[in-house]
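# Descriptive structure summary
What follows is the residue order along each chain.
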Amino acid sequence: MKKILFALLLVLNFSAFAQAPQAFKYQGIARDNTGAVLSSATISIRPSIRDGSATGLIVYQETHSVTTNALGLFSISIGMGTPSVGTFSAISWGGGSKYMEVEVNFGSGYVSMGTSQLLSVPYALYAETSGSSGVAGATGATGSTGATGMAGTTGVTGATGVAGATGASGTTGQDVFEVYGTGQLVVSTGTTTYTLIPGLSQAVTIPAGCKVMVSTDGGVQSTGTTSTTYSVLDIGIFVDGVVSTSGGQRRLSIQNGSLAQLIGNWSMHRTYTLTAGSHTFQVKAMDGGAAGSSNANVSSASAPQLQGVLTVTIIKQ
């Protein structure tokens, strides 16, 4: 995962006659490429001081190993790390412009976070060898303490709230609910009203602003044992006890021929726009009114060739 670094330079205050310490503070916030802070993470920081330009000669370089806090914040003192190039006290702060490059190792090698010019912060170090003019330089550094106000970027930690936007994806309400037949329904000429197919019923809570797709399929076996027998029945999708009048009913007619006890299948789906809340979805069957001569075994709990299924899919608009 790509990592990023937000950082700011903190300035030390120097009194008129105090000796400037051979170091200055650097503070930053480590985040990943989604903006989430890297809390309690161990990373390596490698600051370099370049002479004259952003690509100039490295006159000093050191490394630090730090662990971020719960907010991803870390702080180092540049000048007090493990030197790898030059000596911090030997940097000629008054000998031309200086640039600082910061590199970070998140675990797979150092990556440059960029290079910027040091305008006044470390130059208080130069004041230590320049007499009374150095006192004036220290005063300028104190003015730069306004940069500490940039610590308000710690308020950028509110970007953690941006991660709350990820929570918005939870409002999509999209999901799939599926149940299977738990038994067999026998439909005869006496089954004159729609009767629930065992197991094909479920109550689902629908979020606001969603489309609902209902699909069902399964098998039906005509129990006739001769070529002159047949079965006729109707299958219907019910929502809250009401059968769908458009696209939600199918009629099956199974005529036994040279083979008896033949199997037919139903398959249908329909899309609904429903109010938010709990709704009950069912699949029912009844005699088709064509005076079939043989009973029909609808669905099953154990025979996969016949077992019915009812699927409810919620899609956010």
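Starting from 1, residues in each chain are numbered consecutively following that chain's sequence as written. Side-chain atom pairs in this predicted model are given and counted only at pLDDT of 80 or more, local residue features only at pLDDT of at least 70, and totals for whole chains, interfaces and linings cover all residues. Excluded from the side-chain calculations are hydrogens and water; all other atoms, namely the structure's heavy atoms, are used.

## Structural notes on the pattern of salt bridges
The term salt bridge refers to a side-chain nitrogen of Lys or Arg lying within 4 Å of a carboxyl oxygen of Asp or Glu. Applying the stated criterion across every chain, the model contains four salt bridges. In this structure, E101 and R50 form a salt bridge, with 3.0 Å as the shortest nitrogen-oxygen distance. Highlighted residues: E101 in strand β7 (residues 98–105) and R50 in strand β3 (residues 42–51), separated in sequence by 51 residues. Between K98 and D51 there is a salt bridge, and its shortest N-O distance comes to 3.2 Å. Taken together, the residues span a long stretch of sequence, with K98 in strand β7 and D51 in strand β3 at a distance of 47 residues. Each helix corresponds to a stretch of at least 4 residues labelled H or I by DSSP, and each strand to a stretch of at least 2 residues labelled E; elements are numbered beginning at the N terminus.

## Some remarks on the packing of aromatic side chains
Pairing of aromatic rings covers Phe, Tyr and the six-membered ring of Trp, with a centre-to-centre limit of 6.5 Å; geometry is then stacked below 30 degrees between planes, edge-to-face above 60, and tilted otherwise. If you walk through the whole model with that rule in mind, you get five aromatic pairs. Relative to F88, the ring of F24 lies with its centre 6.2 Å away and its plane at 40 degrees, an arrangement referred to as tilted. Note that F24 is positioned in strand β2 (residues 24–32) and F88 in the loop between β6 (82–85) and β7, a separation of 64 residues in sequence. Taken as a pair, F24 and F88 share a single burial class, namely buried. By the ring-pair criterion, three or more aromatic residues cluster together here, those being F24, Y60, F88 and W93. Two conditions define a charge located above a ring, namely a distance within 6 Å from the ring centre to NZ of Lys or CZ of Arg, and an angle within 35 degrees of the ring normal. Its guanidinium or amino end placed over the ring of Y272, R270 lies 4.6 Å from that ring's centre, counting from NZ or CZ. One cation-aromatic arrangement involves K284 over F238; the distance from NZ or CZ to the ring centre is 4.6 Å. Note on classification: 1.4 Å probe, protein chains only; a residue is buried when its accessible area is under 20% of the maximum for its type, exposed when over 50%, partly exposed between these limits.

## Quick look at the environment of Q305
Looking at where Q305 falls in the secondary structure, it is placed in the loop between β18 (296–298) and β19 (309–316). A relative accessible area of 54% places Q305 in the exposed class. Spatially, the C-alpha atom of Q305 lies 8.7 Å from that of I263, the residues being 42 residues apart in sequence.

## Side note on the pairing of β3
The two faces of the sheet receive side chains in turn, since in a regular strand these alternate between them. Examined bridge by bridge, β3 and strand β4 (residues 57–67) share eight bridges and lie antiparallel to one another. Along β4, the bridge assignment pairs I49 with Y60. Turn length for the β3-β4 hairpin, with the two strands adjacent in sequence and antiparallel, is five residues, and the turn residue G52 shows positive phi of about 90 degrees. For two strands to pair, DSSP has to find at least two bridges joining them. As paired strands, β3 and β7 are joined by eight bridges and run antiparallel to one another. Following the sheet pairing, S48 is matched in β7 by E101.

## Comments concerning the sheet that holds β6
One open sheet holds the five strands; their spatial order is β6-β4-β3-β7-β8, and the pairing between them is antiparallel. Either end of the sheet is taken by a strand with one partner, and the two such strands are β6 and β8 (110–118). For this sheet, the mean angle separating the axes of adjacent strands, direction not counted, is 20 degrees. Relative to β6, β4 runs antiparallel, the two sharing three bridges. By the bridge assignment, E62 is partnered in β6 with P83. In this analysis an axis means a line fitted to C-alpha atoms, helices contributing only their contacting stretch, and an angle means the value between N-to-C directions, from 0 to 180 degrees.

## Let's talk about the nonpolar core
We call a set of buried Ala, Val, Leu, Ile, Met, Phe, Trp, Tyr and Cys residues a nonpolar core when their side-chain atoms join them within 4.5 Å. One finds I197, L233, I235, W266, F281 and V298 to be the most contacted residues of the largest nonpolar core, which totals 29 residues. Should any heavy atoms of two residues lie within 4.5 Å, those residues are counted as being in contact. Setting aside its immediate chain neighbours within four residues, V298 contacts G183, Q184, L185, V187, I197, G219, V220, L233, I235 and W266. In terms of nonpolar packing, the next biggest core, distinct from the first, is built from 20 residues, L38, I49, F88 and V104 among them.

## Some details on the side chain of S299
Positionally, S299 belongs in the loop between β18 and β19. Counted as a polar contact is a pair of N or O atoms within 3.5 Å, where, for protein atoms, one must be capable of donating a hydrogen and the other of accepting one, and residues adjacent in sequence contribute only when both atoms are in side chains. At 2.9 Å, the side chain of S299 and the backbone nitrogen of G308 are in polar contact.

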